[in-house]
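Residue-level listing of the chains:
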Amino acid sequence: MTRKIVIDTDPGQDDAIAILLALASPELEVLGITAVAGNVPLPLTSKNARIICELAGNVDVPVLAGCAAPMSRALVTAEHVHGKTGLDGIDLPDPEMPLQDGHAVDFIIKTLRSLPAGAITLCALGPLTNIATALTRAPDVVEKIQQIALMGGAYFEVGNITPAAEFNIYVDPEAADIVFKSGIDLVVMPLDVTHKALTTRPRIEAFRALGTCVGEAVASWTDFFERFDIAKYGSQGAPLHDPTVIAYLLEPQLFSGRHINVEIEVQSDLTRGMTVADWWRVTDRAANALFIGDLHADGFYALLTDRLARL
Ligand code: RIB
Ligand code: CA
């Protein structure tokens, strides 16, 4: 029985690797890929999503453009991390596959309404604008969502775009607030776990050793992507943030975390987008998310490399 998913994304090199992992995994049926503004503006994220699908050899998956800006704030992008194109590191041809007509939010709503309750998992790899807009416009779809698995937030690792906030949540904190208050089953991959999923030279060379266009692209993206984290954190490599979301769906036993309360700061400018995670359960606030804190990194990279070899 395959698991039906929709991937909402702002590619971004790490998003790209997550999408490749999903498209390479027969356990998952990717019903669609919805682009959102985030790492780079929407015209680029919706173009990059198609570049990635063509690299995977899958031009049948519907790709749609979604929200070009957060629900109530100006867009903040991350070219300093991902480069001007959002997929810097290797030159790939412009996509030939078209965007599907229509808005990604309408696609999400229509797709959810067309299936039984609990039939679809939403995989959120960028700011939560598309998903929160869908939940606001069509509250009836909440029951149709089996789970939302998302990359975002932080507790012990605090922030990467400000001292207090992780990028995806920071860009659209109001959208994140809607999602975290929705009552939907949430699995959260914060920086606490993604910062333990670091690229290393052997791991990158294993991608390159696949000897395929996919292997070369992934190795080149991670070579480019890691320069930012090495300079900033002095770490040995770059955190592969978004692929942890897809890996969790495939092999959840690689991950561990706690079911806790997580609330989003939307008032303060100083701590805008902070995920206030009650890791130590010091409040009586109801748990609303499985907040992942650790992973088996070698197992994660073995899964990723094995699946990428299939493309
Ligand atoms: O903070 C990391 C997250 O922000 C990742 O999803 C990355 O792609 C960017 O969207
Ligand atoms: Ca992303």
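Residues numbered from 1 in each chain as written. Chains lettered and ligands numbered in written order. Predicted model: local features only at pLDDT ≥ 70, side-chain atom pairs only at ≥ 80, totals over all residues. Heavy atoms only, no water.

Asker: What am I meant to see in the pattern of salt bridges here?
Answerer: Side-chain pairs of opposite charge can arise whenever the charged atoms involved come near each other. The final tally for this structure, using the stated rule, is 18 salt bridges. Among the salt bridges present, the one from Lys181 reaches Asp177, with a minimum N-O distance of 3.3 Å. Take Lys181: its relative accessible area is 62%, and that puts it in the exposed class. For Arg201, the salt bridge is made with Glu205, and the minimal N-O distance between the two is 3.4 Å. On the criterion of helical spacing, the pair formed by Arg201 and Glu205 is a turn pair, its members being four residues apart in helix H9 (residues 201-208). Note on Arg201: relative accessible area 40%, which makes it partly exposed. Judged by its relative accessible area of 34%, Glu205 falls in the partly exposed class. (Salt bridge = Lys/Arg side-chain N within 4 Å of Asp/Glu carboxyl O. Buried < 20%, exposed > 50% of the residue type's maximum accessible area, 1.4 Å probe, protein only. Helix = DSSP H or I, 4+ residues; strand = E, 2+ residues; numbered from the N terminus.)

Asker: Would you explain the nonpolar core in this entry?
Answerer: A general feature of soluble globular proteins is that nonpolar side chains tend to end up buried together. By size, the foremost hydrophobic cluster in this structure holds 64 residues, and its most contacted members are Ile7, Trp221 and Phe255. For this core, the element with the highest residue contribution is helix H1 (residues 13-23), accounting for eight residues. Those residues in contact with Trp221 that lie beyond four places of it in its chain are Gln13, Ala16, Ile17, Leu20, Ile52, Leu55, Leu87, Asp88, Ile90 and Leu92. Leu31, Ile108, Leu128 and Val188 belong to the second-largest nonpolar core, a separate cluster that totals 40 residues. (Core = buried A, V, L, I, M, F, W, Y, C linked by side-chain atoms within 4.5 Å. Contact = heavy atoms within 4.5 Å.)

Asker: Honestly, the coordination of the calcium ion (ligand 2) in this entry has me stumped. Any pointers?
Answerer: A metal bound by six donors in octahedral fashion has ideal angles of 90 or 180 degrees, whereas one bound by four tetrahedral donors has an ideal angle of 109.5 degrees. For the calcium ion (ligand 2), the full set of protein donor atoms is Asp10 (OD), Asp15 (OD), Asp15 (OD), Leu125 (O) and Asp242 (OD), and the range of their distances to it is 2.2 to 2.5 Å. Residue Asp10 is classed as buried on the basis of its relative accessible area, which comes to 0%. (Donors = N, O, S within 2.8 Å, 3.2 Å for Na, K, Ca; no water.)

Asker: Please explain the side chain of Asn48 as it appears in this structure.
Answerer: If you trace the backbone, Asn48 turns up in helix H2 (residues 42-55). Asn48 has contacts with Pro11, Gly12, Val40, Thr85, Gly86 and Leu87, leaving out every residue within four places of it along the chain.

Asker: Is there a simple way to explain the site of ligand 1 in this structure?
Answerer: Around ligand 1, the structure places 13 residues, and the nearest of them are Asp14, Asn160, Glu166, Asn168 and Asp242. Between Asn168 and ligand 1, the recorded distance is 2.8 Å, taken from a side-chain N or O atom to an oxygen atom. About the coverage of ligand 1: the protein hides 96% of its 270 Å² of free accessible area. Its residues assigned to classes, the shell around ligand 1 comprises three nonpolar, five polar and five charged. (Near = heavy atom within 4 Å. Polar contact = N/O pair within 3.5 Å; in protein donor to acceptor, adjacent residues only side chain to side chain. Areas by Shrake-Rupley, 256 points an atom, 1.4 Å probe, with all protein chains shown as cover. Nonpolar A, V, L, I, M, F, W, Y, C, P; charged D, E, K, R; others polar.)

Asker: What is the right way to look at the sheet that holds strand E7 (residues 255-260) in this model?
Answerer: The strands that make up a sheet are held in pairs by hydrogen bonds between backbone atoms, and each pair lies either parallel or antiparallel. Taken in spatial order, the eight strands line up as E3-E2-E1-E4-E5-E6-E10-E7 in an open sheet, and their pairing is mixed. A strand with exactly one partner marks an edge of an open sheet, and here the two such strands are strand E3 (63-65) and E7. Strand-to-strand twist across the sheet, computed as the mean angle between neighbouring axes with direction ignored, equals 25°. Bridge count between strand E1 (residues 3-9) and strand E4 (residues 120-124): five bridges; the pairing is parallel. Bridging across to E4, Val6 finds its partner in Leu122. Helix-sheet contacts for helix H4 (residues 104-113) involve E1, strand E2 (28-35), E3, E4 and strand E5 (145-151), and the interaxial angle to E2 is about 150°. (Pairing = 2+ DSSP bridges. Axes fitted to C-alpha atoms, helices over the stretch in contact; angles between N-to-C directions.)

Asker: So what exactly am I meant to see when it comes to the environment of Leu311 here?
Answerer: Relative to the elements of secondary structure, Leu311 occurs in the segment after helix H12 (297-308). Residue Leu311 is classed as partly exposed on the basis of its relative accessible area, which comes to 26%. A C-alpha to C-alpha distance of 35 Å links Leu311 and Ala165, two positions 146 residues apart in sequence. Leu311 has contacts with Leu20, Leu23, Ala24, Ala56, Thr212 and Val214, leaving out every residue within four places of it along the chain.

Asker: Would you mind going over the packing of aromatic side chains with me for this structure?
Answerer: Any aromatic ring pair is given by two values, namely how distant the centres are and how the planes are angled relative to each other. Summed over the entire model, instances satisfying the criterion amount to seven aromatic pairs. Arranged with centres 6.3 Å apart and planes meeting at 40°, the rings of Phe207 and Tyr301 form a pair that is tilted. Separated by 94 residues along the polypeptide, Phe207 in helix H9 and Tyr301 in helix H12 bring together distant segments of the chain. One exposure class covers both Phe207 and Tyr301, and it is buried. On the numbers, 5.1 Å between centres and 80° between planes, the contact of Phe300 with Tyr301 is edge-to-face. (Phe/Tyr/Trp six-rings, centres within 6.5 Å; stacked < 30°, edge-to-face > 60°.)

Asker: Got a minute to help me understand the pairing of strand E6 (residues 186-189) in this structure?
Answerer: Each regular strand carries side chains that alternate between the two faces of the sheet. Burial along E6 is two-sided: the face carrying Leu186 and Val188 and the face carrying Val187 and Met189 are both buried. The sheet contact formed by E5 and E6 spans four bridges and is parallel. Bridging across to E6, Ile148 finds its partner in Leu186. When E6 meets strand E10 (residues 289-295), the two strands line up parallel, connected through two bridges. Counterpart to Val188 in the pairing with E10 is Phe291.

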